[in-house]
Amino acid sequence: MSAQMEIRPAMLAATRFRETHEADWLRLAGLLDLIEKGSVRRLSTEDLVALPVLYRATLSSLSLARSTSLDKALIDYLEQLSVRAYFVVYGVRTPALRRIGDFFLRGLPTAVSALKRETLAAALLLLLGTIVGYLLVRSDPSWFYGIVDKQLAGGRDPSAAASTLRDMLYKREDNLLATFATFLFTHNAQMAILAFALGFAFGVPTALLVIYNGVTLGAFLALYSAHGLVIPLGGWLLIHGTTELFAIILAGAAGFRIGLAMAFPGRAARLDAITAAGREAATAMLGVVFMLGVAGILEGIGRQTVTSDIARYAIAATALAGWLFYFYGSWRRDPSR
């Protein structure tokens, strides 16, 4: 009997609480329904002014309901209503296509441009590795076997004849060529992902990976240079390489940004510095993924069908100029920077 007497006051309190505030909840729910259905224009000025007021009133009701242990169904309802109102009041509701457009027009180039110093450092390390790899193999061809994986070499090594090396650069249909192209793309994609992911180790593994990628490139340049084929090789590589190598450099830059934030957080707390660096680096990495996709198209189609050195270099130069303009051109200057 006493238990029933205790339940009745609680039920009466919940009923009175609902009767007092339900009108505001229902009005807020009605406004949210209109907004979520895309009918914002049907809201009057009074409704728009009332929206944040009703949201705060609902939060107060939710807080009171929790503190007085009112029925769970009511608390769940108020929680759901508060969450819906939060995203309407504070969230930016834009169409998916517009969000994608904003990312490519502003978000991505701004993030990449913010990594200028790290990008320059990664490019210099790649160049350094290329020079080292070239000099090593040029001085002693046996270095090639220690630098380049057999599968990556794809039959291209110091034992190959000049005619074989040349033919593989220009043949339109060659299963071995296609296999090598696929493996090279996969290898570079893995390098890009690792260069970014290992940035958390203060950027040291990232630097080593970028240098190693350059050493591998230099080894191939030395191999073909010994047969007077460095210019044809350059066209064969760069038709997609200006995009793919640029992507690897950006991945290294993203890794460096995180590594620097860990090593030198500045006045900010280390976790806050890493979080801020991670946002820019992650945005840049989305661009890297996009660039690798473009490189794959150029590698799988352009390089197989375009056999003119001049045309290959022209495509490579156009691609590089396009990326530089896209990432660093004044057209997308962010006034906040």
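Residues numbered from 1 in each chain as written. Predicted model: local features only at pLDDT ≥ 70, side-chain atom pairs only at ≥ 80, totals over all residues. Heavy atoms only, no water.

Trainee: Outline a nonpolar patch on the surface, listing residues and values.
Mentor: On the surface, Leu120, Leu124, Leu127, Ile131 and Leu135 cluster together to form a nonpolar patch covering roughly 500 Å² of accessible area. With respect to the element layout, Leu124 can be found in helix H5 (residues 116-139). (Patch = residues over 30% accessible without salt bridge, like charges linked within 9 Å, V, L, I, M, F, W, Y side chains within 5 Å. Areas by Shrake-Rupley, 256 points an atom, 1.4 Å probe, with all protein chains shown as cover. Salt bridge = Lys/Arg side-chain N within 4 Å of Asp/Glu carboxyl O. Helix = DSSP H or I, 4+ residues; strand = E, 2+ residues; numbered from the N terminus.)

Trainee: An account of the side chain of Ser225 is needed here, citing residue identities and associated values.
Mentor: Within the element layout of this structure, Ser225 appears in helix H10 (residues 204-225). We classify Ser225 as buried; its relative accessible area is 18%. Within polar-contact distance, the side chain of Ser225 engages the side chain of Tyr134 at 3.3 Å. The residues contacting Ser225, other than those within four sequence positions of it, are Tyr134, Arg138 and Val230. (Buried < 20%, exposed > 50% of the residue type's maximum accessible area, 1.4 Å probe, protein only. Polar contact = N/O pair within 3.5 Å; in protein donor to acceptor, adjacent residues only side chain to side chain. Contact = heavy atoms within 4.5 Å.)

Trainee: Give a description of H5 that names residues and reports values.
Mentor: Note on helix geometry: an α-helix contains 3.6 residues per turn, so any two residues three or four positions apart are oriented the same way. When the terminal C-alpha atoms of H5 are compared, their 35 Å separation across 24 residues agrees well with the 34 Å that a helix rising 1.5 Å per residue should span. Those residues of H5 hidden inside the fold are in contact with helix H6 (143-147), H10, helix H11 (230-263) and helix H13 (309-328). (Expected span 1.5 Å × (residues − 1).)

Trainee: Help me get a handle on the side chain of Glu118, residues and values and all.
Mentor: Positionally, Glu118 belongs in helix H5. In this structure Glu118 comes out as buried when scored by relative accessible area, which is 4%. Among residues more than four places away in sequence, those in contact with Glu118 are Ala253, Phe256, Arg257 and Leu260.

Trainee: Lay out the packing of H5 against H10 in plain terms, naming residues and giving numbers.
Mentor: Contact geometry for H5 and H10: axes closest at 6 Å, N-to-C directions at 40°. Relative to H10, the element H5 is oriented oblique. Between H5 and H10 lies a crossing whose hand is right-handed. Residue composition of the contact of H5 with H10, by class: 14 nonpolar, 7 polar and 1 charged. (Axes fitted to C-alpha atoms, helices over the stretch in contact; angles between N-to-C directions. Parallel < 35°, antiparallel > 145°, perpendicular 65-115°, else oblique. Left-handed = near helix turned anticlockwise from the far one by under 90°. Nonpolar A, V, L, I, M, F, W, Y, C, P; charged D, E, K, R; others polar.)

Trainee: If you had to explain the packing of aromatic side chains to someone new, which residues and values would you point to?
Mentor: A complete count under the given rule lists 11 aromatic pairs for this structure. Look at Trp323 and Phe327: their rings are 5.8 Å apart centre to centre, the planes differ by 15°, and that puts the pair in the stacked class. Here Trp323 and its partner Phe327 are both found in helix H13, 4 residues apart, which amounts to about one turn of the helix. A single burial state applies to Trp323 and to Phe327, both of which are buried. Among the aromatic residues, those joined into a cluster by ring pairs are Phe103, Phe104, Phe246, Phe290, Trp323, Tyr326, Phe327 and Tyr328. (Phe/Tyr/Trp six-rings, centres within 6.5 Å; stacked < 30°, edge-to-face > 60°.)

Trainee: Could you give an account of the environment of Glu36, with specific residues and numbers?
Mentor: Turning to its location among the elements, Glu36 is positioned in helix H1 (residues 2-36). You can call Glu36 partly exposed: its relative accessible area is 36%. Considering only alpha carbons, one finds Glu36 and Val88, 52 residues apart in sequence, at a separation of 8.3 Å.

Trainee: Tell me about the nonpolar core, residues and numbers included.
Mentor: One finds Leu250, Val288, Met291 and Phe327 to be the most contacted residues of the largest nonpolar core, which totals 25 residues. Among the elements of the structure, helix H4 (96-113), helix H9 (175-197), H11, helix H12 (270-305) and H13 are those that each provide at least two residues to this core. Leave out the neighbours within four places in its chain, and Met291 touches Thr243, Phe246, Ala247, Leu250, Trp323 and Phe327. (Core = buried A, V, L, I, M, F, W, Y, C linked by side-chain atoms within 4.5 Å.)

Trainee: Please provide a residue-by-residue account of the layout of surface pockets, values included.
Mentor: Counted as a void, the largest pocket has a volume near 600 Å³. Forming the walls of the largest pocket are 30 residues, and the residues nearest its centre are Leu126, Leu217, Leu238, Gly241 and Leu245. Residue assignment for the lining of the largest pocket shows that the elements contributing at least two residues are H5, H9, H10, H11 and H13. Of the residues in the lining of the largest pocket, the class split is 18 nonpolar, 10 polar and 2 charged. A volume near 160 Å³ is recorded for the second largest pocket. Taken together, Arg117, Glu118, Arg257, Leu260, Ala261, Phe264, Pro265, Ala273, Ala276 and Ala277 form the lining of the second largest pocket. When contributions to the lining of the second largest pocket are tallied by element, the ones reaching two or more residues are H5, H11 and H12. Class assignment of the residues belonging to the lining of the second largest pocket gives a composition of 7 nonpolar, no polar and 3 charged. (1 Å grid on protein atoms, 1.4 Å probe; cavity = no way out; pocket = protein on both sides within 12 Å on 5 of 7 lines; lining within 4 Å. Points joined across faces, edges and corners; volume = space filled by probe spheres on them.)

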